[in-house]
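Inside the fold
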Amino acid sequence: MKLKKALLVFCMIVFILSCATNPFTGKKTMALVPNSQLFPTAFAQYNQFLTENKVVTGTKDAKMITRVGQRIAVAAERWLNANGHHGYLNDYKWEYNLVNDETVNAWCMPGGKIVFYTGILPIANGETGVAAIMGHEVAHALANHGQQRMSAAYVQQGLAVAGNVAIKDEKSRNAFNQYYGIGSQVGVMLPFSRSHETEADKIGLYLMAIAGYNPDEASELWKRMKANSGGKAPPEILSTHPSNDSRIANLKALASTAKAEAKKFGVTSFR
Ligand SMILES: [Zn+2]
């Protein structure tokens, strides 16, 4: 009993020490794996992924992915600076790559490392749809959603020691991949929680609107995702991002708020 209590107190201390504030929600979130460890791991995993997959360069689509990514990154920086979070993106090393793969998926790893699969482009149906996906995935990274899930898993497994978790061994690296979207490599990619999805939807809408993309397109995109889910190869992104009517309705309802947010940055017309 005594040991249990001591453990509980220890866990609470670890939790409090390792909390980080999410600049988008103001909420304290658990971050047992610090960015100083997470980012180098992410960058290494990302580079490895690129060497093992067919990266598309120089095409119209590849240039479009880069263009949208850069605009979303600028929007994120403007939003963060305007809200008093200067320097939040200092350690980010943005990179946008299109990979030739029929999988319907896209992801953003910690530190701004983004991959789009060519398989998602028909559903994106143009640059504004790409911006909706990009905004959403970048939002997960900015809000440290993967980091929170990973930290929670470490606590559950009793792996959290002294408030710091090292990503050294194979097991930790696999866990990293599971929580950060390189699903096809390890077979399983865990879904985000409902609240994280709603949070990323909202932040994503703001980012796309500030970047000058019409936020009305986001609900249309998820309608297309939903329509596509019945095919012989359901989109992989849907295994981690369940699309349903309440999500689509929520995105539709929030679009005007996103436009109002963009107006604060002088953005009043959308492509
Ligand atoms: Zn999501």
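Predicted, not measured: the structure shown is a model, and the values here were computed from it.

Reading the values: rules and limits
- Residues numbered from 1 in each chain as written.
- Predicted model: local features only at pLDDT ≥ 70, side-chain atom pairs only at ≥ 80, totals over all residues.
- Heavy atoms only, no water.
- Donors = N, O, S within 2.8 Å, 3.2 Å for Na, K, Ca; no water.
- Helix = DSSP H or I, 4+ residues; strand = E, 2+ residues; numbered from the N terminus.
- Buried < 20%, exposed > 50% of the residue type's maximum accessible area, 1.4 Å probe, protein only.
- Pairing = 2+ DSSP bridges.
- Phe/Tyr/Trp six-rings, centres within 6.5 Å; stacked < 30°, edge-to-face > 60°.
- Lys NZ or Arg CZ within 6 Å of the ring centre and 35° of its normal.
- pLDDT = per-residue confidence, 0-100.
- 1 Å grid on protein atoms, 1.4 Å probe; cavity = no way out; pocket = protein on both sides within 12 Å on 5 of 7 lines; lining within 4 Å.
- Points joined across faces, edges and corners; volume = space filled by probe spheres on them.
- Nonpolar A, V, L, I, M, F, W, Y, C, P; charged D, E, K, R; others polar.
- Core = buried A, V, L, I, M, F, W, Y, C linked by side-chain atoms within 4.5 Å.
- Contact = heavy atoms within 4.5 Å.
- Salt bridge = Lys/Arg side-chain N within 4 Å of Asp/Glu carboxyl O.

Considerations on the coordination of the zinc ion
In the first shell of the zinc ion, the protein supplies His136 (NE2), His140 (NE2), Glu197 (OE), Glu197 (OE) and His241 (NE2), at 2.0 to 2.5 Å from the metal. Positions of the donor residues of the zinc ion, expressed as sequence spacing, correspond to H-x3-H-x56-E-x43-H. Taken together, the positions of histidine 140 in helix α5 (residues 127-142) and histidine 241 in the loop between α11 (237-240) and α12 (245-263) put the pair 101 residues apart, joining distant regions of the chain. Here histidine 140 and histidine 241 have matching classes, each one buried.

A short note on the sheet that holds strand β6 (residues 113-117)
If you walk across this open sheet you meet the four strands as β3-β4-β6-β5, and the pairing is mixed. In the strand order of this sheet, the two ends are held by β3 (55-56) and β5 (106-109), each with one partner. Here five bridges tie strand β4 (residues 95-99) to β6, and the two strands are oriented parallel to one another. By the bridge assignment, valine 99 is partnered in β6 with tyrosine 117.

Quick look at the packing of aromatic side chains
For the structure on display, the rule yields six aromatic pairs. Here the aromatic rings of phenylalanine 49 and tryptophan 107 are separated by 5.0 Å at their centres, their planes lie at 80 degrees, and the arrangement is edge-to-face. Of the two residues, phenylalanine 49 is situated in helix α2 (residues 35-52) and tryptophan 107 in strand β5; the sequence distance between them amounts to 58 residues. Tryptophan 107 gets classed as buried once you look at its relative accessible area, which sits at 3%. Consider the rings of tyrosine 92 and tryptophan 94, whose centres lie 5.2 Å apart with planes at 40 degrees: the pair is tilted. Of the aromatic side chains, those joined through ring pairs into one cluster are Phe39, Phe43, Tyr92 and Trp94. Here the basic side chain of lysine 113 rests over the ring of phenylalanine 43, its NZ or CZ set 4.8 Å away from the ring centre.

Here's the deal with the confidence of the model for the chain
In the predicted model, the chain carries a mean pLDDT of 85, and the fraction of residues at 70 or more is 83%. Highest mean pLDDT in the chain belongs to β3 (98); lowest belongs to helix α8 (residues 183-186) (51).

What about empty space enclosed by the protein?
This structure, assessed with the given rule, holds two cavities of 30 Å³ or more. Roughly 180 Å³ of volume is contained in the largest cavity. Lining the largest cavity are 22 residues, and of these Cys108, His140, Tyr179, Tyr180 and Phe192 lie nearest its centre. Secondary-structure elements contributing two or more residues to the lining of the largest cavity are β5, α5, α6 (145-156) and α7 (170-180). Grouping the constituent residues of the lining of the largest cavity by class yields 11 nonpolar, nine polar and two charged. Lining the second largest cavity we find Ala132, His136, Ala200, Asp201, Gly204, Leu205, Met208, Ala218, Trp222 and Leu251. A total of five residues in the lining of the second largest cavity trace back to one element, the largest contributor, which is helix α9 (residues 194-210).

A look at the pairing of β6
Within β6, five of the five residues are buried, which leaves the element mostly enclosed by the surrounding structure. Residues Lys113, Val115 and Tyr117 line one face of β6 and the alternating positions Ile114 and Phe116 line the opposite face, and both faces are buried. The pairing of β5 with β6 spans four bridges and is classified as antiparallel. Each bridged residue has a counterpart across the sheet, and for tryptophan 107 the counterpart in β6 is valine 115. Hairpin geometry of β5 and β6 is characterised by an intervening segment of three residues between the two adjacent antiparallel strands and by a positive phi of about 85 degrees at glycine 111.

Some words on the nonpolar core
Generally speaking, soluble globular proteins have nonpolar side chains that are buried together. Core analysis: the biggest nonpolar cluster contains 79 residues, and Phe116, Val130, Met134 and Met225 have the highest contact counts within it. The residues contacting phenylalanine 116, other than those within four sequence positions of it, are Ile65, Asn97, Leu98, Val99, Asn105, Ala106, Val130, Ile133 and Met134.

Some remarks on the environment of isoleucine 210
Tracing the chain through its elements places isoleucine 210 in helix α9. In this structure, the C-alpha to C-alpha distance between isoleucine 210 and arginine 78, residues 132 residues apart in sequence, is 8.5 Å.

Quick word on the pattern of salt bridges
Scanning the model with the defined rule gives 10 salt bridges in all. Here lysine 113 makes a salt bridge to glutamate 95, at a shortest N to O gap of 2.8 Å. Highlighted residues: lysine 113 in strand β6 and glutamate 95 in strand β4, separated in sequence by 18 residues. Aspartate 216 serves as the salt-bridge partner of lysine 259, at 2.7 Å between the closest nitrogen and oxygen. Of the two residues, lysine 259 sits in helix α12 while aspartate 216 sits in helix α10 (residues 216-228), which places them 43 residues apart along the sequence.

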